[in-house]
Amino acid sequence: MIVRPRVQDNAQFPPTLPTISGQTIDLVQLSSDKHVVAILLKAPWCQVCPVLLTLLSFLGLDTSITTLEWTDPLTDRVRSVTPIERRYNRLLLCHDTYFIVICPGGPESLRRIQQESEWDRLENVAFVADTNMELAEVLGLRIGEGVWPSILNVKEDLSIETIEIGRSAGYYGDKYLLRYLGRRRHTIEALAAITVKQTTIVLSRLQKRTSKHIYYNHPSKDKLPLELLSDILSLTIGLSDPHSFVQIGKTCRSWKYVALSTSIEMLSERLKGVTKMIPMRRADCVENADDDEGAYVPVLVLERAVKDLQMVREWVLRVFEGFGIEVPIIV
């Protein structure tokens, strides 16, 4: 029976990693904004592993490459990519992902691989020398004097999701990587679109119910303008305590209106922010216009904004419930 290699159960990356350039990578911070993909090379002498790096450059990681064909130096097989495919790959590989290349051996041998693959001029890449293979031991991927060639996703809690383990001439795992990144972006973009649609409906219904139940008769004793009162309320209470928000709003009709209008404004601002982040076209249909790429944010930034919008929406609904106003149902 052939046992497929896998990452050791409950294995985690350390919170920081030193690079061969002398910098320290904060994995927790980095993985909050981008997919952190660790590419494990078998050993400095392996001729197969560096080919994955040059292949990813060709597929879209290196923005200076314009040729549409690439010849595998180990198999002489020719790979091709269309301009639209490359632009989509570039979105996944450049905007959404940060790569950490990890290899046994000293910094000098890894620096040679970095220079020969021309990854030394890429911005979203770091190289880490696992000199004594301590990290490989933690991951359970050490094999003799080398490491199982792997592509791993390091999550924000430092846990690991395996994308692919194994590499050979002509088989580099690039398809599994692009499929993984593409599915993640598609899922998050779809969630963002649904959340925006639902929140737009909720916001419209909240605005109607506010106009039905409340009118604003600014008392003469209130010397501050409505906008400033709203800012004071949002900064003082914020999103931590909807009950206190409601209690202040119940002091008088003026403050009730301020509380409701402030909560609606909070939701509206979050909704506008997420709406701007959603591509006008599907990510896998990126066209050739040069300004298309700038319309995209890293997918994990979008995901975080969607979660924040959902949280604010629930908070606002609780505020309205606190005032006894019927809460709209999301359809």
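Residues numbered from 1 in each chain as written. Predicted model: local features only at pLDDT ≥ 70, side-chain atom pairs only at ≥ 80, totals over all residues. Heavy atoms only, no water.

### A closer look at the packing of helix H8 (residues 242–249) against helix H9 (residues 253–277)
If you want to describe how two helices pack, look at the angle between their axes and the distance between the axes. For the pair H8 and H9, interaxial distance at closest approach is 7 Å and the crossing angle is 140°. Along the contact surface, H8 presents Phe245, Ile248 and Gly249, while H9 presents Trp255, Lys256, Ala259, Thr262, Ser263 and Met266. (Axes fitted to C-alpha atoms, helices over the stretch in contact; angles between N-to-C directions. Helix = DSSP H or I, 4+ residues; strand = E, 2+ residues; numbered from the N terminus. Contact = heavy atoms within 4.5 Å.)

### Topic: the packing of aromatic side chains
By the definition in use, this model includes four aromatic pairs. Residues Phe58 and Trp70 carry aromatic rings whose centres are separated by 6.4 Å and whose planes lie at 25° to one another, so their mutual orientation is stacked. In this pair, Phe58 sits in helix H2 (residues 49–61) while Trp70 sits in strand E4 (residues 69–71), placing the two residues twelve residues apart along the sequence. For Phe58, a relative accessible area of 2% puts it in the buried group. Judged by centre distance (6.3 Å) and plane angle (65°), the ring pair of Tyr171 and Tyr176 falls under edge-to-face. The rings of Phe99, Trp119 and Phe127 are connected pair by pair, giving a single aromatic cluster. The side chain of Arg86 reaches across the aromatic face of Phe58, ending 5.1 Å from its centre. (Phe/Tyr/Trp six-rings, centres within 6.5 Å; stacked < 30°, edge-to-face > 60°. Buried < 20%, exposed > 50% of the residue type's maximum accessible area, 1.4 Å probe, protein only. Lys NZ or Arg CZ within 6 Å of the ring centre and 35° of its normal.)

### Quick notes on the pattern of salt bridges
Summed over the entire model, instances satisfying the criterion amount to 15 salt bridges. The salt bridge partner of Glu108 is Arg111, with a shortest N-O separation of 2.6 Å. A residue pair is termed a helical-turn pair when its members lie 3 or 4 positions apart in one helix, as Glu108 and Arg111 do in helix H4 (residues 107–116) at three residues. Assessed through its relative accessible area of 57%, Glu108 is described here as exposed. Residue Arg111 is classed as partly exposed on the basis of its relative accessible area of 23%. (Salt bridge = Lys/Arg side-chain N within 4 Å of Asp/Glu carboxyl O.)

### Re unusual backbone geometry
The phi dihedral of Glu118 falls on the positive side, at around 65°, and the residue is not glycine. Mapping Glu118 onto the fold places it in the loop between H4 and strand E7 (125–130). Under the relative-accessibility criterion, Glu118 is labelled partly exposed at 41%. One non-glycine residue, Leu158, lies in positive phi territory at about 75°. Relative to the elements of secondary structure, Leu158 occurs in the loop between strand E10 (150–154) and strand E11 (160–165).

### As for the sheet that holds E7
The strands making up a sheet associate through backbone hydrogen bonding, with each pair oriented either parallel or antiparallel. Reading across the sheet, the five strands line up as E7-E6-E3-E10-E11 and stay open at both edges, with mixed pairing between neighbours. At either margin of the open sheet sits one strand with a lone partner, and together these are E7 and E11. Put simply, the sheet's adjacent strands are angled 25° from each other on average, direction ignored. Contacting strand E6 (97–104) and E7, H4 runs over the sheet at an angle of about 150° to E7. (Pairing = 2+ DSSP bridges.)

### Description of the pairing of E6
The buried count for E6 comes to eight of eight residues, which makes it a mostly enclosed element. Judged by which residues are buried, E6 turns out to be covered on both faces: Thr97, Phe99, Val101 and Cys103 on one side and Tyr98, Ile100, Ile102 and Pro104 on the other are all buried. Bridge analysis of strand E3 (residues 35–40) against E6 gives six bridges, and the strand direction is parallel. Following the sheet pairing, Leu40 is matched in E6 by Ile102. Two elements, E6 and E7, share six bridges in a ladder whose sense is parallel.

### Notes on the pairing of E11
Bridge count between E10 and E11: five bridges; the pairing is antiparallel. Bridge pairing in E11 places Val154 opposite Ile160. Linking E10 to E11, which pair antiparallel, is a turn of five residues; within it Leu158 sits at a positive phi near 75°.

### Quick notes on the state of the cysteines
Within the structure shown, the criterion is met by zero disulfides. Not engaged in a disulfide, the cysteine Cys49 finds its nearest cysteine sulfur in Cys46; these two sulfurs lie 3.7 Å apart. Relative accessible area serves as the criterion here: at 1%, Cys49 is assigned to the buried category. (Disulfide = S-S within 2.5 Å.)

### Comments concerning the nonpolar core
By size, the foremost hydrophobic cluster in this structure holds 39 residues, and its most contacted members are Ile39, Leu56, Phe99, Trp119 and Leu177. Looking at this core, the elements that each hand over two or more residues are E3, H2, helix H3 (83–95), E6, H4, E7 and helix H6 (174–213). Core analysis: the second largest hydrophobic core is formed by 30 residues, Val196, Val202, Ile278 and Ile325 among them. (Core = buried A, V, L, I, M, F, W, Y, C linked by side-chain atoms within 4.5 Å.)

### Regarding helix H10 (residues 299–322)
Here H10 contains 24 residues, and its C-alpha end-to-end distance of 35 Å stays within 8% of the 34 Å for a straight helix at 1.5 Å per residue. Once H10 ends, the next one or two residues include Gly324, with phi positive near 75°. (Expected span 1.5 Å × (residues − 1).)

### So, the confidence of the model for the protein
Residues of the protein with pLDDT of at least 70 account for 84%, and the chain-wide mean is 86. Overall, residues 287–291 carries pLDDT values under 50, and its contacts beyond four positions in sequence, including any with other chains, amount to eight contacts. (pLDDT = per-residue confidence, 0-100.)

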